[in-house]
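Inside the fold
Each chain, written out:
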Amino acid sequence: MQRPEAWPRPHLGVGAAAVQAGGPEPPAGAGEPTGSRLQEPSLYTIKAVFILDNDGHRLLAKYYDDTFPSMKEQMAFEKNVFNKTNRTDSEIAFFGGMTIVYKSSIDLFLYVVGSSHENELMLMSVLTCLFESLVHVLRKNVEKRWLLESMDGAFLVLDEIVDGGVILESDPQQVIQKVNFRADDSSLTEQSVAQVSLPRLILLLWSFRPWH
């Protein structure tokens, strides 16, 4: 019987060769080409979302990590970002080691901030969802006056899109449905409290009614 050919022996890597020879193991990553190890993916993709007026003053802002721990640092960052972006036609800026996508509407500037390695398309999807949801909430009047009058609704919209830096939703239709549901639920709760409180108030007043 003919002897079968032996399979070629697998090539021993740097670590395996060192161990087989009795030497110390090389450090992790030895032998890898430079830059081959990518940064670990994270769900926490959003660092901040803020809306400024056309003078660079804050109207709405939420920060999701400690990059800018104090109000003073946040305001300084927002002012610098505004000065860099308010006169450009671009929609993406790189500033201070961060990726920033933004959009203007009449007298508003909307910004979404991520880290330098973050996918711009993902950040842009958050920005687009925020803008289109505000279009609905503000009844197509995405400007300072109407935003100030509907600030609670704007915060509800943002909370449905991003929570703690994690993107929850990028479909504006889904966001609006959830915001409407929360608003209806709150309205029903207030109505229920009123319905319960009124009889109690009547009973309370009746208890203090003077006897004749």
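Counting starts from 1 at the beginning of each chain's written sequence and moves along it residue by residue. The predicted origin of the model limits local features to residues at a pLDDT of at least 70 and limits the giving and counting of side-chain atom pairs to 80 or more, whereas totals for whole chains, interfaces and linings rest on all residues. The basis for every side-chain value is the complete set of non-hydrogen atoms in the structure, without hydrogens or water.

If you tally the helices and strands in the chain, you get 6 helices and 7 strands. Exposure is judged per residue with a 1.4 Å probe applied to protein chains only, and the accessible area is read against the type maximum: over 50% gives exposed, under 20% gives buried, and values in between give partly exposed. For the chain, the residues scored as buried account for 31% of the 212 residues in total. When contacts within the chain are restricted to residue pairs at least 6 apart in sequence, long-range pairs at least 24 apart make up 50% of them. For the chain, the exposed area adds up to about 14,800 Å²; of that, 56% sits on carbon and sulfur atoms. Counting from the N terminus, the helices are the DSSP runs of H or I reaching at least four residues and the strands are the DSSP runs of E reaching at least two. Any two residues whose heavy atoms approach within 4.5 Å are treated as being in contact. All accessible areas in this document rest on Shrake-Rupley with a 1.4 Å probe, and a residue is counted as covered only by the protein chains that are shown.

Moving on, we come to the sheet that holds strand 1 (residues 48-53). By definition, two strands form a pair when at least two bridges between them are found by DSSP. Taken in spatial order, the 5 strands line up as 2-1-5-4-3 in an open sheet, and their pairing is antiparallel. The sheet is open, and its two borders are formed by strand 2 (58-63) and strand 3 (92-95), each paired with just one other strand. When the angles between neighbouring strand axes are averaged without regard to direction, this sheet yields 20 degrees. Whenever a helix is involved, its axis is fitted only over the stretch in contact; in every case the axis is a line through C-alpha atoms, and angles between N-to-C directions fall within 0 to 180 degrees. Here helix 3 (residues 120-137) sits on the sheet in contact with strand 1, strand 3, strand 4 (98-105) and strand 5 (108-115), set at roughly 25 degrees to strand 4. Set on the sheet, helix 5 (residues 151-161) makes contact with strand 1 and strand 2; between it and strand 2 the angle comes to about 25 degrees.

The next thing to look at is the nonpolar core. Nonpolar side chains in soluble globular proteins generally cluster together in the buried interior. What is meant by a nonpolar core is a set of buried Ala, Val, Leu, Ile, Met, Phe, Trp, Tyr and Cys residues, joined one to another through side-chain atoms within 4.5 Å. In this structure, Ile-46, Leu-110, Val-112, Leu-147 and Ile-161 are the most contacted members of the largest nonpolar core, which totals 29 residues. A total of 8 residues in this core trace back to one element, the largest contributor, which is helix 3. Setting aside its immediate chain neighbours within four residues, Leu-110 contacts Phe-50, Ile-51, Val-101, Tyr-102, Lys-103, Leu-127, Leu-130, Phe-131 and Leu-134.

With that settled, the discussion passes to the pairing of strand 1. Counted residue by residue, strand 1 has 6 buried out of 6 residues, so it is predominantly covered. Two strands pair when backbone bridges link them, and strand 1 and strand 5 are joined in this way by 6 bridges, in the antiparallel orientation. By the bridge assignment for strand 5, Val-49 is matched with Val-112.

Let us look at the confidence of the model for the chain. Across the chain, pLDDT averages 80, with 66% of residues at or above 70. Each residue carries a pLDDT score, the predictor's confidence in it, ranging from 0 to 100. Here helix 1 (residues 14-20) stands out as the least confident element of the chain, with mean pLDDT 46; strand 1 is the most confident, with 98. Every residue in residues 4-19 is under pLDDT 50, and counting partners more than four places away or in other chains gives 8 contacts.

Time to look at the packing of aromatic side chains. Any aromatic ring pair is given by two values, namely how distant the centres are and how the planes are angled relative to each other. A pair of aromatic rings is counted whenever rings of Phe, Tyr or Trp (Trp by its six-membered ring) have centres within 6.5 Å, and the orientation is called stacked for planes under 30 degrees apart, edge-to-face for over 60 and tilted otherwise. Applying the stated criterion across every chain, the model contains 9 aromatic pairs. Look at Phe-109 and Tyr-111: their rings are 6.5 Å apart centre to centre, the planes differ by 20 degrees, and that puts the pair in the stacked class. According to the relative accessible area criterion, Phe-109 is buried, its value standing at 10%. Given a relative accessible area of 0%, Tyr-111 falls into the buried group. An aromatic cluster is built from Phe-50, Tyr-63, Phe-68, Phe-77, Phe-82, Phe-95, Tyr-102, Phe-109 and Tyr-111, whose rings are joined through pairwise contacts.

As a further point, take the pattern of salt bridges. We define a salt bridge as a side-chain nitrogen of Lys or Arg found within 4 Å of a carboxyl oxygen belonging to Asp or Glu. Within this structure, the stated rule accounts for 5 salt bridges. One salt bridge in this structure joins Asp-65 and Lys-47, with 2.8 Å as the shortest N-O distance. Placement of the pair is Asp-65 in the loop between strand 2 and helix 2 (71-85) and Lys-47 in the loop between helix 1 and strand 1, with a sequence separation of 18 residues. Judged by relative accessible area, which is 29%, Asp-65 ranks as partly exposed. Under the relative-accessibility criterion, Lys-47 is labelled buried at 19%.

By the element assignment, Asp-107 lies in the loop between strand 4 and strand 5. With no salt bridge to any partner, buried Asp-107 finds its closest opposite charge in Lys-144, at an N-O distance of 6.5 Å. By the counting scheme adopted, Arg and Lys are positive, Glu and Asp are negative, and His together with the chain ends is not counted.

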